[in-house]
Amino acid sequence: MLPFGEVQTPYEEARVVVLPVPYDLSLSFLPGARRGPEAILLASRELEPFLLELGVAPEEVGIHALGPVPFVAGSGEASHRLIYEEALKHLRAGKFVVSLGGDHSIVHPLALAHREALGGFSLLQIDAHADLYPEWQGSAYSHASPFHRLLQEGFPLVQVGIRAMDRDALVLAREKGVALFPAHRIHREGLPVEEILEALGARVYISLDFDALDPSVMPSVGTPLPGGLSYRQVVDLLEAVFQAKEVVGMDFVELSPSGQFHAEMTAAQLVYHAIGLKGLQAGWLRVG
């Protein structure tokens, strides 16, 4: 079992658990996202524990990296059930769960587990793709479909950084009241932080697909697409959300290691930064 960072806090003492979910059976383009969690954990060992920008060492919240969730080859339904049950167990134990994918289909069982344990919240999807297909390649468990299913199940949805969306998905988003902040608008007008915050409820679950970042920053993803967000834009958005809202959980998905270690370091740094933001929001960390 790999730790996240240099220190593995015992489970009983940890406030944050990192849940590796190496499931990528639904990928439709480049394979390899099942290796994403391990790559992030390995890269995290090279991070500087103290974050200058935040003025804290996020590891001090107490982070425990769990073993990977198994999956059932050939069955999205059975695999998603295992993910749901594993996340729910740790949520009921009072842990803040940070999940590492794996493909983006895993957000569906993760969101359901969080709602079961913690009650309602808004979904903040930071992503290149809308993931609103009813099914893809014959499967409703596809990484192209989780937010369609979540919309049908009553989750409020805010999408940021989107730059791939078909006409039917756009119609569905409008019908369901999705707040859409596409990448081209962000590049032309700047990051509309106040509008995004207004669209979110008081409690938020964050689901971040690494392909939200531009391929020049994050080349190692399953479905790269030009015109993405900068690292700074993503961090600024996360900081604003954590300052204004209660973040109840997070997942980071679709890293597909390709031998470009800077991408893995970028992913690990972003996860670590987000843990630090949660620590400050919850009062687990103090600056200085």
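Residue numbers here run from 1 along each chain, matching the order of that chain's written sequence. Reporting in this predicted model follows two pLDDT cut-offs: at least 70 for local features of residues, and 80 or more for side-chain atom pairs to be given and counted; totals over whole chains, interfaces and linings ignore these cut-offs and use all residues. Side-chain measures were taken over the full set of non-hydrogen atoms in the model, leaving aside hydrogen atoms and water.

Participant: Is there a simple way to explain unusual backbone geometry in this structure?
Facilitator: Trans is the prevailing form of peptide bonds, just as negative phi is the prevailing case for residues other than glycine. Looking along the chain, the bond that leaves Gly 101 and enters Gly 102 is cis, with omega of 20°. For Asp 131, which is not glycine, the phi torsion reads 55° and is therefore positive. Here Asp 131 lies in the loop between β4 (122-126) and α4 (146-152). Positive phi values are uncommon outside glycine, yet Glu 254 reaches one of about 75°. Each helix is a run of DSSP H or I of at least 4 residues and each strand a run of E of at least 2, with the numbering of both proceeding from the N terminus. Inspection of the secondary structure puts Glu 254 in the loop between β8 (246-253) and α9 (261-282).

Participant: Just to check I follow, could you spell out the packing of aromatic side chains for this structure?
Facilitator: Remark: the centre distance and the inter-plane angle together describe each pair of aromatic rings, the angle taken between the planes. Only centres within 6.5 Å qualify two rings of Phe, Tyr or Trp (six-membered ring in Trp) as a pair; their planes then separate them into stacked at under 30 degrees, edge-to-face at over 60, and tilted for everything else. A complete count under the given rule lists five aromatic pairs for this structure. Grouped by ring-pair contacts, the aromatic residues Phe 121, Phe 155 and Tyr 205 constitute a single cluster. Here, over-ring charges are defined by two tests on the NZ atom of lysine or the CZ atom of arginine: distance to the ring centre within 6 Å, and angle to the ring normal within 35 degrees. For Lys 95, the ring lying beneath its charged end belongs to Tyr 11, and the centroid distance is 4.7 Å.

Participant: What exactly am I supposed to notice about the side chain of His 273 here?
Facilitator: By the secondary structure assignment, His 273 is in helix α9. Exposure categories follow from relative accessible area, calculated using a 1.4 Å probe and restricted to protein chains: below 20% of the type maximum is buried, above 50% is exposed, and the middle band is partly exposed. Residue classification places His 273 among the buried residues on the basis of a relative accessible area of 5%. We call two residues in contact whenever any of their non-hydrogen atoms come within 4.5 Å of each other. Apart from the residues within four sequence positions on either side, His 273 is in contact with Leu 51, Glu 53, Leu 54, Val 235 and Glu 239.

Participant: How should I be thinking about the packing of helix α1 (residues 36-44) against α9 in this particular structure?
Facilitator: For any two helices packed against each other, one specifies the inter-axial angle together with the distance between the axes. In contact at an axis separation of 8 Å, α1 and α9 are set at 80° when each is read in the N-to-C sense. One element, α1, and the other, α9, form an angle in the roughly perpendicular class. In contact with Ala 39, Ile 40, Ala 43 and Ser 44 of α1, α9 contributes Phe 261, Glu 264, Met 265, Ala 267 and Ala 268. Lines fitted to the C-alpha atoms define the axes, with helices restricted to the stretch that makes contact. Angles between their N-to-C directions range from 0 to 180 degrees. Angle categories are assigned with fixed cut-offs, so that under 35 degrees is roughly parallel, over 145 is roughly antiparallel, 65 to 115 is roughly perpendicular, and the rest are oblique.

Participant: Just checking my understanding: could you explain the packing of helix α8 (residues 231-244) against α9 for this structure?
Facilitator: Two elements in contact, α8 and α9, have axes whose closest approach is 10 Å; the angle formed by their N-to-C orientations is 20°. The angle between α8 and α9 falls in the class roughly parallel. Once α8 is placed against α9, the crossing between them reads as right-handed. Note on element contacts: α9 touches α8 through Thr 266, Gln 269, Leu 270, His 273, Ala 274, Leu 277, Lys 278 and Gln 281, opposite Tyr 231, Val 234, Val 235, Leu 238, Glu 239 and Phe 242. Helix crossings get a hand from a simple test, with the near helix turned counterclockwise from the far one by less than a right angle marking a left-handed crossing and a clockwise turn marking a right-handed one.

Participant: I would appreciate a short explanation of the pattern of salt bridges in the present structure.
Facilitator: Charged atoms that come close allow side chains of opposite charge to pair. By salt bridge we mean one thing: a side-chain nitrogen of Lys or Arg within 4 Å of a carboxyl oxygen of Asp or Glu. Tallied over the full model, the rule gives ten salt bridges. With a shortest N-O distance of 2.6 Å, Glu 53 and Arg 232 are connected by a salt bridge. Pair noted here: Glu 53 is in the loop between α1 and β2 (63-65) and Arg 232 is in helix α8, with a separation of 179 residues, a long-range link. Relative accessible area serves as the criterion here: at 43%, Glu 53 is assigned to the partly exposed category. What makes Arg 232 partly exposed here is its relative accessible area of 38%. For Arg 232, the salt bridge is made with Glu 239, and the minimal N-O distance between the two is 4.0 Å. When its relative accessible area of 14% is taken as the criterion, Glu 239 is described as buried. Each of Glu 53, Arg 232, Asp 236 and Glu 239 takes part in a single network of salt bridges with overlapping partners.

Participant: It is not clear to me how the pairing of β8 should be interpreted in this structure. Could you clarify?
Facilitator: Along any regular strand the residues' side chains alternate between the sheet's two faces. Of all eight residues that make up β8, seven are buried, and the element is covered over most of its length. DSSP calls a pair of strands paired once it identifies at least 2 bridges connecting them. When strand β3 (residues 96-101) meets β8, the two strands line up parallel, connected through three bridges. Along β8, the bridge assignment pairs Ser 99 with Asp 251. Taken together, the seven bridges between strand β7 (residues 203-209) and β8 define a ladder with parallel strand orientation. Across the sheet, the residue bridging to Leu 208 is Phe 252, located in β8.

Participant: Got a minute to help me understand the environment of Arg 15 in this structure?
Facilitator: Checked against the element boundaries, Arg 15 lands in the segment before β1 (16-21). For Arg 15, a relative accessible area of 35% translates into the label partly exposed. Along the primary structure Arg 15 and Val 178 are separated by 163 residues, whereas in three dimensions their C-alpha atoms are 32 Å apart. Setting aside anything within four residues of it in sequence, one finds Arg 15 in contact with Glu 60, Val 61, Gly 62, Lys 95, Phe 96 and Trp 284. Between N or O atoms, a polar contact is any pair within 3.5 Å; within protein, one atom must be a potential hydrogen donor and the other a potential acceptor, and residues adjacent in sequence are included only when both atoms are from side chains. Among the polar contacts made by the side chain of Arg 15, one reaches the main-chain carbonyl oxygen of Val 61 at a distance of 3.2 Å.

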